[in-house]
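The lines below spell out each chain.
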Amino acid sequence: MSDDRLEALRDRLRELDRELVALIGRRKDLVIEIGEVKQALGRPVLDPPQEAKVVRRAAEFARELDVDVELTRDVMWRIIASSRDAQEGRTRWGPPAPPPTPTDED
């Protein structure tokens, strides 16, 4: 083994990390759109049955791909929590809160 081999593996890992982050960003974009549709339909952001369904589906994918199921569940729950925050506009992912509008009473 050589330092070149180690650096080549690290380069591949960096590229996978970049792809993973890009996928998280793409998922965030879809989450924001879903939040807008929910709002238009008058539905709440919080949807525990749907969230559990997403985590179960990810766990199934993990089993199929021989990936750590518990790690996958943990990551998905964290992503879902962040997604919920984004849909509610509580994170930098979500749309910024509009500034207060002046009223005649001010």
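Because the structure is a prediction, the values reported are computed rather than measured. (Residues numbered from 1 in each chain as written. Predicted model: local features only at pLDDT ≥ 70, side-chain atom pairs only at ≥ 80, totals over all residues. Heavy atoms only, no water.)

A. Region of the structure containing the packing of helix α2 (residues 48–64) against helix α3 (residues 69–87). In the contact formed by α2 and α3, the axes pass within 9 Å of each other and the chain directions differ by 145°. The hand of the α2/α3 crossing is right-handed. Here Glu-51, Ala-52, Val-54, Val-55, Ala-58, Ala-59, Ala-62 and Arg-63 of α2 come into contact with α3, specifically with Val-69, Thr-72, Arg-73, Met-76, Trp-77, Ile-80 and Arg-84. (Axes fitted to C-alpha atoms, helices over the stretch in contact; angles between N-to-C directions. Helix = DSSP H or I, 4+ residues; strand = E, 2+ residues; numbered from the N terminus. Left-handed = near helix turned anticlockwise from the far one by under 90°. Contact = heavy atoms within 4.5 Å.)

B. Geometry of the pattern of salt bridges. Inspection of every chain in the model, using the stated rule, returns five salt bridges. When the shortest N-O distance is used, the salt bridge between Glu-51 and Arg-84 registers 2.9 Å. Taken together, the residues Glu-51 in helix α2 and Arg-84 in helix α3 connect sequence positions 33 residues apart. Residue class for Glu-51 comes out buried when judged on its relative accessible area of 11%. For the salt bridge of Arg-73 with Glu-70, the shortest nitrogen-to-oxygen distance reads 2.4 Å. Taken together, the positions of Arg-73 and Glu-70, both in helix α3 and three residues apart, correspond to about one turn of that helix. Residue class for Glu-70 comes out partly exposed when judged on its relative accessible area of 45%. Taken together, the salt bridges that share partners define one network made up of Glu-7, Asp-11 and Arg-14. (Salt bridge = Lys/Arg side-chain N within 4 Å of Asp/Glu carboxyl O. Buried < 20%, exposed > 50% of the residue type's maximum accessible area, 1.4 Å probe, protein only.)

C. Spatial organisation of a nonpolar patch on the surface. Judged by side-chain polarity, Phe-61, Leu-65 and Val-67 come together as a nonpolar surface patch covering roughly 300 Å² of accessible area. With relative accessibility at 42%, the residue Phe-61 sits in the partly exposed group. (Patch = residues over 30% accessible without salt bridge, like charges linked within 9 Å, V, L, I, M, F, W, Y side chains within 5 Å. Areas by Shrake-Rupley, 256 points an atom, 1.4 Å probe, with all protein chains shown as cover.)

D. Up close: the layout of surface pockets. Space inside the largest pocket adds up to approximately 390 Å³. What lines the largest pocket is simply Leu-20, Leu-23, Ile-24, Arg-27, Val-54, Arg-57, Ala-58, Phe-61, Thr-72, Val-75, Met-76 and Ile-79. For the lining of the largest pocket, the class distribution of residues is nine nonpolar, one polar and two charged. One number sums up the size of the second largest pocket: a volume of about 310 Å³. (1 Å grid on protein atoms, 1.4 Å probe; cavity = no way out; pocket = protein on both sides within 12 Å on 5 of 7 lines; lining within 4 Å. Points joined across faces, edges and corners; volume = space filled by probe spheres on them. Nonpolar A, V, L, I, M, F, W, Y, C, P; charged D, E, K, R; others polar.)

E. Local environment of the packing of helix α1 (residues 3–41) against α3. The N-to-C vectors of α1 and α3 enclose an angle of 50°; their axes lie 9 Å apart at closest approach. By the angle between their directions, the pair α1 and α3 is classed as oblique. Between α1 and α3 lies a crossing whose hand is right-handed. Of the residues in α3, those in contact with Arg-27, Val-31, Ile-32, Ile-34, Gly-35 and Lys-38 of α1 are Met-76, Ile-79, Ile-80, Ser-83, Ala-86 and Gln-87. (Parallel < 35°, antiparallel > 145°, perpendicular 65-115°, else oblique.)

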